[in-house]
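Per-entry structural report
This is what each chain is made of:
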Amino acid sequence: MDNFEHNRESWNELTALHAESSFYDVEGFKNGKTSLNHIEIKELGDVKGKKLLHLQCHFGLDTLSLARQGAEVVGVDISDLSIQKANDLSHELDIPAKFVRSNIYDIEKVLDETFDIVYVSYGAINWLDDLDKWAKIISRYLKPDGMFYMVEFHPFRYMLNEESEIHYSYFKSKPFETVVENSYTEKSEIKNKDLKHIEWHHSLSEVINSLIGSGLKIEFLNEFSYQIYNCFPNLVEDEEGKWVSEKYGNKIPLMYSIKAKKD
Ligand SMILES: C[S@@+](CC[C@H](N)C(=O)[O-])C[C@H]1O[C@@H](n2cnc3c(N)ncnc32)[C@H](O)[C@@H]1O
């Protein structure tokens, strides 16, 4: 099995847990709650009437939230179960959306359109080995004058071990493998003990330079001293909905966002 097949298998298993978790709060979503956070809502701006491609959409909550805001959405994910659940939610709630199962790197085999916005969020690029290839795909799917927006966990965070000490390299890593024992949601018991995650670390310069190299013009890069999810070890709630490092407080970056334009 190659690296991506391992991740496809593990994300299939995780999706089943996530759809039942209070972390993802599918019931709340069904009752009209958005799954988007204040950062992306503010920074993305008005998406009404825009064609939007969501890369690594998981089981579609953010994609469908963006559809509720008036965007015409397509979500892509490698996980079969994620795409199945996303389609189920779209039909059940009568929210128009198209979901496509594909490895991001194979997307051209299954999708031939262009978009006003390409969107990527939280916990996505660590599953990708080649960001130059990723950025070319983003550029390929943007219309002229189209916007790329991403909000992600900060690479600084990935340097810390369970004791919040600097342990891992900041810079691009060889693939690192972990046995999937649990998830970041509260319903986290993994039954299949043979699942593996394969991930890569990417520095900020690697992300930015890949986007510049694909012809995009960076409009902003923002860094945040907090997390909006309590999904890493050793975080404490600073203000409501803002999780900071227990050890370093708001002295270290935990998330970042980027907006870029295609000429
Ligand atoms: C942490 S989730 C994305 C988080 C998303 N913001 C959410 O709403 O939960 C990561 C997603 O990336 C997907 N993924 C991982 N590797 C991929 C790849 N090579 N191509 C497409 N999707 C991939 C996984 O299946 C998973 O659904």
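Above this text you will find the structure in question.
What this report covers is the structure whose coordinates are included nearby. (Residues numbered from 1 in each chain as written. Predicted model: local features only at pLDDT ≥ 70, side-chain atom pairs only at ≥ 80, totals over all residues. Heavy atoms only, no water.)

Considering helix H7 (residues 204-213)
Note the threshold: Using a 1.4 Å probe on the protein chains alone, a residue whose accessible area is under 20% of its type maximum counts as buried, one over 50% counts as exposed, and one in between counts as partly exposed. The numbering of helices and of strands both runs from the N terminus, where a helix is a DSSP run of H or I of at least 4 residues and a strand a run of E of at least 2. Here, residues are in contact when the closest pair of their heavy atoms is within 4.5 Å.
Among the residues of H7, those classed as buried are Leu-204, Glu-206, Val-207, Ile-208, Ser-210 and Leu-211. The inward-facing, buried residues of H7 abut helix H6 (131-141), strand S5 (142-153), strand S8 (216-224) and strand S11 (255-262).

Topic: the nonpolar core
The line we're drawing: Think of a nonpolar core as a cluster: buried Ala, Val, Leu, Ile, Met, Phe, Trp, Tyr and Cys residues, connected wherever their side-chain atoms sit within 4.5 Å.
Within the largest apolar cluster, 45 residues are counted, with the highest numbers of intra-cluster contacts made by Ile-39, Leu-44, Leu-52, Leu-66 and Tyr-122. Taken together, the elements giving at least two residues each to this core come down to helix H2 (26-30), helix H3 (38-44), helix H4 (61-68), helix H5 (80-93), strand S4 (115-121), S5 and strand S10 (242-245). Discounting chain neighbours no more than four positions away, the residues touching Leu-44 are Leu-66, Ile-117, Tyr-119, Met-147 and Tyr-149. With 36 residues, the next largest nonpolar core counts Leu-53, Val-100, Ala-124 and Ile-125 among its residues.

A look at the packing of aromatic side chains
The line we're drawing: Aromatic rings from Phe, Tyr and Trp, with only the six-membered ring used for Trp, were paired whenever their centres fell within 6.5 Å, and each pair was classed as stacked if the ring planes differed by under 30 degrees, edge-to-face if by over 60, and tilted otherwise.
One pass over the structure, following the stated rule, counts 15 aromatic pairs. With centroids separated by 6.5 Å and ring planes inclined at 50°, the aromatic side chains of Phe-115 and Tyr-141 adopt a geometry described as tilted. Here Tyr-141 lies in helix H6 and Phe-115 lies in strand S4, a separation of 26 residues in the sequence. Pair check on accessibility: Phe-115 and Tyr-141 agree, each one buried. With 5.9 Å between their ring centres and 70° between their planes, Phe-224 and Tyr-226 make a pair best called edge-to-face. Assessed through its relative accessible area of 13%, Phe-224 is described here as buried.

Regarding H4
Within H4, seven of the eight residues are buried, which leaves it mostly tucked inside the rest of the structure. For H4, every residue scored as buried is listed here: Leu-61, Asp-62, Thr-63, Leu-64, Ser-65, Leu-66 and Ala-67.

Some remarks on the pairing of S11
Side-chain positions along a regular strand alternate between the two faces of the sheet. Defined as follows: Here a strand pair is declared whenever DSSP counts at least two bridges between the two strands.
Of all the eight residues making up S11, seven are buried; the element is thus mostly covered by neighbouring parts of the structure. Pairing of S5 with S11 involves seven bridges; the strand directions are antiparallel. Note that in S11 the partner of Met-150 across the bridge is Ile-258.

Notes on the packing of helix H1 (residues 3-18) against H5
Our working definition: Lines fitted to the C-alpha atoms define the axes, with helices restricted to the stretch that makes contact. Angles between their N-to-C directions range from 0 to 180 degrees. Throughout, the term roughly parallel applies to angles under 35 degrees, roughly antiparallel to angles over 145, roughly perpendicular to angles from 65 to 115, and oblique to all others. Three categories are distinguished: nonpolar for Ala, Val, Leu, Ile, Met, Phe, Trp, Tyr, Cys and Pro, charged for Asp, Glu, Lys and Arg, and polar for the others, with Gly belonging to the last.
Packing of H1 against H5 leaves a shortest axis separation of 7 Å and a crossing angle of 40°. Considering the angle they form, H1 stands oblique to H5. Contacts from Arg-8, Asn-12, Thr-15 and Ala-16 of H1 reach H5 at Asp-80, Leu-81, Ser-82 and Lys-85. A per-class count over the contact of H1 with H5 returns two nonpolar, three polar and three charged.

Examining the sheet that holds S5
Ordered in space as S3-S2-S1-S4-S5-S11-S8, the seven strands form an open sheet in which the pairing is mixed. Sheet topology places strand S3 (98-101) and S8 at the edges, where each strand pairs with a single neighbour. Ignoring strand direction, the axes of neighbouring strands in this sheet form an average angle of 15°. Looking at chain direction, strand S1 (residues 51-55) and S4 are connected through three bridges and run parallel. Residue pairing in the sheet places His-54 in a bridge with Tyr-119 of S4. Strand contacts of H4: S1, strand S2 (72-77), S3 and S4, with the helix running at about 175° to S2, the strand carrying the most contacts. Strands S2 and S3 of the sheet are contacted by H5, whose axis makes an angle of about 170° with S3.

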